[in-house]
Amino acid sequence: MINEQLIWAIFFIPLASFCVLALLVRPFFNSYSYISGPIAIVSIGISFILSLLTFFEVATNSNHNLVSEPNSWLEIGNFHFTVGILMDPLTAVMLVVVTGVSLMVQIYSMGYMKPPNHGSENAEHHGPEELGNPVYARYFAYMSLFTASMLGLVMAANVVQLFVFWELVGLCSYLLIGFWFHRPAAAAAAKKAFIVTRVGDFGFLIALMYLFFKTFTESVNYLEISVINANLPGLVDAGVITAGALTLIALGMFVGAIGKSGQFPLHTWLPDAMEGPTPVSALIHAATMVTAGVFLVARFFPIFEASPDAMMVVTIIGGVTAIFAATMGLVSNDIKRVLAYSTVSQLGYMMLALGVGAYGPAIFHLFTHAFFKALLFLGSGSVNHATGTFDMRYMGGLRSKMPITYITFLIGSLSLAGIFPLAGFWSKDEILLNAFKHGDLLSVSMMGFVLALIAVFMTAFYMFRALFMTFEGDFRGGSDKDPEAQAHGPVHLAESPFPMVLPMIILAIPAVIIGFLVNPIKDFGSIPAHWFTHKLEHSLHLPPPPAFDPLLAIISSLIALLGILLAWAMYKRNPYLSPATMGRVTDPIYTLFLNKYYVDEVYEKFITGRIYYRGIAQTSDWIDRNIVDRTVNIVGWIGINFGSLIRELQTGQTQMYATVTSVGIVIIAAVYIFGM
Amino acid sequence: MTLERFLILGAILFGIGLYGVLSKKHAIAVLMSLEIMFNGVNVTAVALSRYTVPYTVPDTFEAASRFLLTGHVFTVFIITVAAAEVALGLAIIIAIYRTRQSVLITDAKELSR
């Protein structure tokens, strides 16, 4: 039913859409730019259908020979660059996530990014920005390019191919964060995202080069991902490379994942990336691109698994990030930033799961998270559409005005908080269970489990804090009151238009039911329990996953409910336990959270200001001035001073030259005549 | 009259001319000295031509073909070309005079450092 050509088509159709929009519609047919939305949606829709077919094919078929050997692209000596598709359950899941969320987000964008020639019926009310024609085509061109790049990334069979698409999604992220580039904050955020992720990409690149130089003498091509995964751990046993080298490669890749997935030291770009249009945040900075880091670790999981040190680092970074980001989410007043911190925190969860060896649950959580987090972002966009601001302090009372947004947002929040029986519950429970069962007391895995359990409480709290602040109580003025909201649209309290509401409703369905896809508890007919995670782990030799533990599920649910209860007490029953009182009571910590642990300040003042500027830049400057320039100057000085001696002969007196010439001829003649 | 005398005359003319070229400041004087050098060369050329072939008035075509006049022909050419060169040199001197109000070649020293 599905073959290699059709799998290639999944990637090429969005790419074709990008080419049509960027090379034809945008420059030549601007007056028809309203067709760019439908073009993008139809192309992604076809990709989505093909992805679903691929997914079913991979899920039902035990042999995964859907694709042939990679094609050779370039051969230089021992360097074989091949291009091909790596089709395994991980790829199939990612294809569905990327195309599915992308399709929903693009439909939503039709309403959010107001199409041109459309504003007459509600001229007083537009999206966050009044958008002209070129912007509309540009937006959908970028979105198509992003989707194509992300599909290329998940399908890549070769590390070079993977890296190219890895950088391309970073580029698309930059372009889309800075989509409203005339706004200084957006331009700065785009630059920040690009530079901070580049720090991580550098680690990834070093890992790839190190891998290449360690293995290019081998007979098989170590640039192919399947070869790396199958053979690299064996090379350690064979003594070709050391265990330290393997750890180094794994950690380099993980540095790349840290940058892309906004893990702890490099998380600062992701909250700022919320300057981009909200559908972009939903697609790129919640559901797909930021999960590329998790995908990368999962893709090279056998390497990580062979190196206990690397696994420990992954666990620690994941656990720390999960709780670290959640604490910042507790106090943020910007609804999109709350969701952004939540995304960082959930990505930490996935890393934690990978670190404790729970490969299947990590990808399962990635899968469910993509749907409900995209849903939540679309909900925040819908709220912004009505109030014109993202600041929750100026929202409130939207429940009766925007019932569909409210219900879908509620579903997303419940799912994210991990309330039974929504999707988030099952995936989160799997991770907690694995972290708990994999470790002994006082092990890294157990530490991760404790951190994750605390994060469960925080997640429930901040999501319901956002929900109560946005939808309950009285309306607090929207953009009319918000002093910083001048860039957004006016207040217009009503449900968003149909193209925006529809994707939210559609996404709410998987947010509720998709957890059952894994068949979490016990065998159901012919479908074995945990078939989804089993399928993902089919080629890995992992210990069997622990069985469903009702006690743990009840404990984590109770903790989540406790978080919701606290949020309810503070933000719904305001007088009893007001947020202001809580802020005062917990003051030093509260201020620390509110200022994001001063990480940005540390980067700005210490890393950039001291280490980079004072240390590296000024030292380089001194070396450049005093050593490099001096050397050049000395060479020049020698030339000038030797030249000045000879220069004296150049008097400009023709007769002097003629005299010298004549005397010379006489001497030559004399030598010729008398000397012979 | 022997060949040596003519050659000595040519050498003297050439030496006088060379001295003038190298020592005179005035551009016209330098040009005149150049002419003297030309004439030294001309004398030498004609003398060599005269003394290296037998002096007989040719009466037959065959004898005339052996009567080489190469030096004489060269001399005529040199006189013609020198005349043209003098015209050119004078033009240059006039151009120099117009730009710097001087025909002293010691003043034309833009090629100095």
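What counts and how
- Residues numbered from 1 in each chain as written.
- Chains lettered and ligands numbered in written order.
- Predicted model: local features only at pLDDT ≥ 70, side-chain atom pairs only at ≥ 80, totals over all residues.
- Helix = DSSP H or I, 4+ residues; strand = E, 2+ residues; numbered from the N terminus.
- Buried ≥ 20, exposed ≤ 12 C-beta atoms within 10 Å, placed from the backbone.
- Contact = placed C-beta atoms within 7 Å.
- Core = buried A, V, L, I, M, F, W, Y, C linked by C-beta atoms within 7 Å.
- Axes fitted to C-alpha atoms, helices over the stretch in contact; angles between N-to-C directions.
- Parallel < 35°, antiparallel > 145°, perpendicular 65-115°, else oblique.
- Left-handed = near helix turned anticlockwise from the far one by under 90°.
- Nonpolar A, V, L, I, M, F, W, Y, C, P; charged D, E, K, R; others polar.
- Expected span 1.5 Å × (residues − 1).
- pLDDT = per-residue confidence, 0-100.
- Bend = angle between axes of the 7 residues up to and from the residue.
- Pairing = 2+ DSSP bridges.

## Overview of the overall build of chain A
Broken down by element type, chain A carries 25 helices and two strands. Here the C-alpha coordinates of chain A stretch approximately 120 × 65 × 55 Å along the principal axes. Expressed as a percentage of the 676 residues in chain A, the buried residues total 51%. Within chain A, counting contacts between residues at least 6 apart in sequence, those at least 24 apart form 79% of the total.

## Notes on the overall build of chain B
Along the backbone of chain B there are four helices and zero strands. Listing each helix as α and each strand as β along chain B from the N terminus yields α-α-α-α. In chain B, which comprises 113 residues, the proportion classed as buried is 12%.

## With respect to the nonpolar core
All names here are of chain A. Phe254, Val294, Val297, Ala374 and Ala452 are the most contacted members of the largest nonpolar core, which totals 210 residues. Of all the elements, helix α18 (residues 444-471) adds the most residues to this core, at 17 residues. Once residues lying within four places of it in the same chain are set aside, the contact partners of Val297 are Phe254, Ala257, Phe304, Val314, Met351 and Leu354.

## Points about unusual backbone geometry
Residues Phe420(A) and Pro421(A) are joined by a peptide bond in cis, for which omega reads -5°. Here Pro421(A) is to be found in the loop between α16 (403-417) and α17 (423-438).

## Considerations on the interface of chain A and chain B
Of the residues lining the interface, ten residues belong to chain A; the matching set on chain B comes to ten residues. By residue number, the principal contributor to the side of chain A that touches chain B is helix α25 (residues 654-674) of chain A, which donates five residues.

## Overview of the packing of helix α8 (residues 243-261) of chain A against helix α13 (residues 308-331) of chain A
Residue and element names in this part refer to chain A. Contact geometry for α8 and α13: axes closest at 9 Å, N-to-C directions at 20°. Our classification of the angle between α8 and α13 gives roughly parallel. Read as a crossing pair, α8 and α13 show a hand that is right-handed. Residue-level inspection shows Thr247, Ala250, Leu251, Phe254 and Ile258 of α8 in contact with α13, the latter providing Asp309, Ala310, Val313, Val314 and Ile317. Counted by class, the contact of α8 with α13 contains eight nonpolar, one polar and one charged residues.

## Quick word on α8(A)
For an α-helix the count is 3.6 residues per turn, leaving residues at separations of three or four pointing the same way. Residues and elements named next belong to chain A. Look at α8: 26 Å from first C-alpha to last across 19 residues, which is about the 27 Å you get at 1.5 Å a residue. Counting buried residues along α8, 16 of its 19 residues qualify, which places the element largely inside the surrounding structure. Trailing α8 by a residue or two, Gly262 shows a phi angle of about 60°, which is positive.

## A few points about the confidence of the model for chain B
All names here are of chain B. Mean pLDDT for chain B: 86, with 88% of residues reaching 70 or above. Within chain B, helix α1 (residues 3-23) carries the highest mean pLDDT (93), whereas helix α3 (residues 61-66) carries the lowest (68). For this predicted complex, the interface confidence score (ipTM) comes to 0.82, while the overall pTM stands at 0.77.

## Details of the environment of Ala273(A)
Residue and element names in this part refer to chain A. You can see Ala273 is positioned in the loop between α9 (269-272) and α10 (278-287). Expressed as a C-alpha distance, the spacing of Ala273 and Val98, which sit 175 residues apart in the sequence, is 19 Å. Residues within four places of Ala273 in sequence aside, it is in contact with Ile177, Ala189, Ala193, Ser281 and His285.

## Details of helix α15 (residues 359-387) of chain A
Residue and element names in this part refer to chain A. Taking 1.5 Å as the rise per residue, α15 with 29 residues should run 42 Å; its terminal C-alpha atoms sit 41 Å apart, in good agreement. Of all the bends in α15, the largest measures some 30° and sits at His369. With respect to burial, α15 is a largely interior element, 29 of its 29 residues being buried. Remark: Gly388 follows α15 within two positions and exhibits a positive phi of approximately 80°.

## Notes on the pairing of strand β1 (residues 71-76) of chain A
All names here are of chain A. Taking burial as the measure, the six residues of β1 include zero buried ones, a minor fraction of the element. Strand direction decides the pairing type here: β1 and strand β2 (residues 79-83), joined by five bridges, are antiparallel. Note that in β2 the partner of Asn71 across the bridge is Val83. Hairpin connection from β1 to β2: two residues lie between these consecutive antiparallel strands, with Gly77 at a positive phi of about 60°.

## Comments concerning the packing of helix α2 (residues 36-60) of chain A against helix α3 (residues 89-112) of chain A
Residues and elements named next belong to chain A. One can describe the packing of α2 onto α3 by two numbers: an axis separation of 8 Å at closest approach and a directional angle of 155°. Viewed along their axes, α2 and α3 adopt a mutual orientation that is roughly antiparallel. As for the relative orientation of α2 and α3, their crossing is left-handed in sense. Residues Gly37, Ala40, Ile41, Ile44, Gly45, Ser47, Phe48, Ser51, Leu52, Thr54, Phe55 and Val58 of α2 form the contact with α3, whose own contacting residues are Pro89, Ala92, Leu95, Val96, Thr99, Gly100, Ser102, Leu103, Gln106, Ile107, Ser109 and Met110.

## A short note on the confidence of the model for chain A
When pLDDT is averaged along chain A, the result is 84, and 92% of the positions lie at 70 or above. Predicted confidence is poor over residues 116-132 of chain A, with pLDDT under 50, and the contacts of this stretch with residues over four places away or in other chains come to 25 contacts.

## Concerning the environment of Met463(A)
Residues and elements named next belong to chain A. The residue Met463 is located in helix α18 in this model. Here Met463 falls in the buried class, since 28 other C-beta atoms lie within 10 Å of it. C-alpha separation for the pair Met463 and Gly563, spaced 100 residues apart in sequence, amounts to 9.2 Å. With sequence-adjacent residues up to four places away left out, Met463 is seen in contact with Ser342, Ser413, Leu416 and Ala417.

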